[in-house]
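Next come the chains, spelled out residue by residue.
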Amino acid sequence: QVRMQEILGGDWRVRTTQTVTSLTRCENRSFDGRVVASDSTWVTYVAPWKGLAYDTFPPIFAMSGGESGGRNQFTATIEAGTCLTRARIWNDRDRLWFLCSGAFDPVTRKATGTCTRVEIDSDADAFTSEGTCVLTNPLFFDLVAAVD
């Protein structure tokens, strides 16, 4: 556990692949077919890891960063035993969260994975307001330790 906290220390960068895709199988059918886009801009978060999120075995570590109710919001968890990574990446342009999962490599201090679903949040209050949808084409994310 101490080792994992050391690995997760410092600043971290996040990005998604540049993609234009559409929404399907939405809980609110009015969003079906809506086109959404992401770019590949890196966003840096200063010491975002908050330590243990859950007192479980194996422990789950959490991070969050960005401006509340604004651009560049990001949350993630990493399960210490399996290195399963789950992330929510805010897309301000389309007012939604990309929902992602992947794997964390503690040696390279990098997580990669895919984003296959979204949560619609039209009023940008950090709470899902219009339900979830599936992306017709998944996008990919990278979460890496920032190097000085």
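Quick caveat, the model's predicted, so the values are computed rather than measured. (Residues numbered from 1 in each chain as written. Predicted model: local features only at pLDDT ≥ 70, side-chain atom pairs only at ≥ 80, totals over all residues. Heavy atoms only, no water.)

Peer 1: Just checking my understanding: could you explain the overall build of the protein chain for this structure?
Peer 2: Across its full length, the protein chain carries 1 helix and 11 strands. Counted from the first residue to the last, the protein chain has its helices and strands arranged as α-β-β-β-β-β-β-β-β-β-β-β. For the protein chain, buried positions account for 43% of its 148 residues. In the protein chain, the share of contacts with a sequence separation of at least 24, taken over all contacts with a separation of at least 6, comes to 48%. Accessible surface computed for the protein chain: about 7,700 Å², of which carbon and sulfur atoms make up 50%. (Helix = DSSP H or I, 4+ residues; strand = E, 2+ residues; numbered from the N terminus. Buried < 20%, exposed > 50% of the residue type's maximum accessible area, 1.4 Å probe, protein only. Contact = heavy atoms within 4.5 Å. Areas by Shrake-Rupley, 256 points an atom, 1.4 Å probe, with all protein chains shown as cover.)

Peer 1: In this structure, what is going on with the state of the cysteines? I would like to understand it.
Peer 2: Linking two cysteines covalently via their sulfur atoms produces the bond known as a disulfide. A complete count under the given rule lists 2 disulfides for this structure. The partner cysteine of cysteine 26 in its disulfide is cysteine 133, sulfur to sulfur 2.1 Å. Because the sign of the S-S torsion sets the handedness, a value of about 120 degrees for the bond joining cysteine 26 and cysteine 133 places this disulfide among the right-handed ones. Remark: cysteine 133 occurs in strand S11 (residues 132–145) and cysteine 26 occurs in the loop between strand S2 (19–24) and strand S3 (35–38); sequence separation between them is 107 residues. The disulfide bridge from cysteine 100 ends at cysteine 115, spanning 2.0 Å between sulfur atoms. Disulfide cysteine 100-cysteine 115: the torsion about the S-S bond is 95 degrees, which places it as right-handed. In this pair, cysteine 100 sits in strand S9 (residues 96–105) while cysteine 115 sits in strand S10 (residues 110–120), placing the two residues 15 residues apart along the sequence. Of the two residues examined, cysteine 100 and cysteine 115, each falls in the buried class. The disulfide pattern of the protein chain is 1-4, 2-3 when the bonded cysteines are numbered in sequence order. (Disulfide = S-S within 2.5 Å.)

Peer 1: Would you mind showing me how to read the packing of aromatic side chains here?
Peer 2: Counted according to the given criterion, the structure contains 3 aromatic pairs. Taking the centre distance of 5.7 Å and the plane angle of 25 degrees together, the rings of tyrosine 45 and phenylalanine 74 count as stacked. Residue tyrosine 45 is found in strand S4 (residues 43–45), and its partner phenylalanine 74 is found in strand S7 (residues 74–79); the two are separated by 29 residues along the sequence. Overall, tyrosine 45 belongs to the buried group, its relative accessible area being 7%. (Phe/Tyr/Trp six-rings, centres within 6.5 Å; stacked < 30°, edge-to-face > 60°.)

Peer 1: Honestly, the nonpolar core in this entry has me stumped. Any pointers?
Peer 2: Note on soluble globular proteins: their nonpolar side chains tend to be buried together. Membership of the largest hydrophobic core comes to 34 residues, with the highest contact counts inside it found for Leu23, Phe74, Phe98, Phe104 and Leu143. With 6 residues, the top contributor of residues to this core is S11. Look past the residues within four positions of leucine 23 in its chain and what remains in contact with it is Phe31, Asp32, Gly33, Arg34, Val36, Val118, Ile120, Cys133, Val134 and Leu135. (Core = buried A, V, L, I, M, F, W, Y, C linked by side-chain atoms within 4.5 Å.)

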